[in-house]
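As a plain string of letters, each chain reads:
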Amino acid sequence: MLYRTHLLFSLASYLFLDSLAGVNFKYQFFLIFVLSSFIPDIDHPNSKIGQKMRLFSKVLNKLFSHRGFLHSMILPLLIYFIFVYIIEVNEIGLAVSLGISSHLFLDLMTKNGLALFAPFSNRKINGFIATGSFLEKIFCGILLLIIIYLIFYRLF
Ligand SMILES: [Zn+2]
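From a predicted model like this one, the values you see are computed outputs, not experimental measurements.

Novice: How should the packing of aromatic side chains be read in this particular structure?
Specialist: Within the structure shown, the criterion is met by seven aromatic pairs. Ring geometry for Tyr14 versus Phe33: centroids 5.9 Å apart, planes at 65 degrees, classification edge-to-face. Here Tyr14, found in helix 1 (residues 3–21), pairs with Phe33, found in helix 2 (residues 27–36); they are 19 residues apart in sequence, far enough to count as distant. Each member of the pair Tyr14 and Phe33 is classed as buried.

Right under this line is the structure:
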């Protein structure tokens, strides 16, 4: 999925979780959540985030390959475990792991799919949306409507 789709999806999922929880998550939580949704694509030097740190991105791409370990369910679980049980910063751990999970959820919907248990299993789960396709644009439009609805829902 494209950068902007990940941005819209993380915004929508944040607003949705926020409305479900019935409490206002802090502003910092929101920022960390949305920024974390870009983390997995660091394994692709041509992605938006990969271009920002090309050398680091190339190293990670060589190590894990695109949509490898950094796109597996193990990453958010590992980060959650480290942040909550070792560093003991629960809210940051939750925000980062949820942000990454929102990215993974969206990439699961793509035709290329994801190997959720990489590097232990390379079996992929594939979706039906081609990255950059017209269908992705429609999906973006729907996300935008959901975001507008959820913002109004919060305000009134
Ligand atoms: Zn991705």
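Novice: In this structure, what is going on with the packing of helix 1 against helix 2? I would like to understand it.
Specialist: Two quantities define a packed helix pair, namely the angle between the axes and the distance from one axis to the other. Direction vectors running N to C along helix 1 and helix 2 enclose 140 degrees, while the axes themselves pass 9 Å from each other. Two packed elements cross with a definite hand, and for helix 1 against helix 2 that hand is right-handed. For the pair helix 1 and helix 2, contact is made by Leu7, Ser10, Leu11, Ser13, Tyr14 and Leu17 and by Phe29, Phe30, Phe33 and Val34, respectively. A class-by-class count of the residues in the contact of helix 1 with helix 2 yields eight nonpolar, two polar and no charged.

Novice: I tried to follow the coordination of the zinc ion on my own but got confused; where do I start?
Specialist: Reference values for coordination geometry: four tetrahedral donors around a metal ideally subtend 109.5 degrees, six octahedral donors ideally subtend 90 or 180 degrees. Within the protein, Asp41 (OD), His71 (NE2), His103 (NE2) and Asp107 (OD) serve as the donor atoms for the zinc ion, at 2.0 to 2.2 Å. One way to put it: the four donor atoms around the zinc ion meet at angles of 87 to 174 degrees, and that makes the site irregular. Donor residues for the zinc ion sit on one chain with the sequence pattern D-x29-H-x31-H-x3-D. Of this pair, His71 sits in the loop between helix 4 (54–64) and helix 5 (74–86) while Asp107 sits in helix 6 (residues 90–108); the two residues are 36 residues apart in sequence, bridging distant segments of the chain. Pair check on accessibility: His71 and Asp107 agree, each one buried.

Novice: Explain the confidence of the model for the chain to me, please; I cannot follow it from the model alone.
Specialist: Detail in the predicted coordinates should be disregarded across regions flagged by low pLDDT. With 97% of its residues at a pLDDT of 70 or more, the chain has an overall mean of 92. Mean pLDDT across the elements of the chain bottoms out in helix 1 (89) and peaks in helix 5 (96).

Calculation criteria
Residues numbered from 1 in each chain as written. Predicted model: local features only at pLDDT ≥ 70, side-chain atom pairs only at ≥ 80, totals over all residues. Heavy atoms only, no water. Phe/Tyr/Trp six-rings, centres within 6.5 Å; stacked < 30°, edge-to-face > 60°. Helix = DSSP H or I, 4+ residues; strand = E, 2+ residues; numbered from the N terminus. Buried < 20%, exposed > 50% of the residue type's maximum accessible area, 1.4 Å probe, protein only. Axes fitted to C-alpha atoms, helices over the stretch in contact; angles between N-to-C directions. Left-handed = near helix turned anticlockwise from the far one by under 90°. Contact = heavy atoms within 4.5 Å. Nonpolar A, V, L, I, M, F, W, Y, C, P; charged D, E, K, R; others polar. Donors = N, O, S within 2.8 Å, 3.2 Å for Na, K, Ca; no water. Tetrahedral: all angles 85-135°; square planar, octahedral: opposite > 155°, others 65-115°. pLDDT = per-residue confidence, 0-100.

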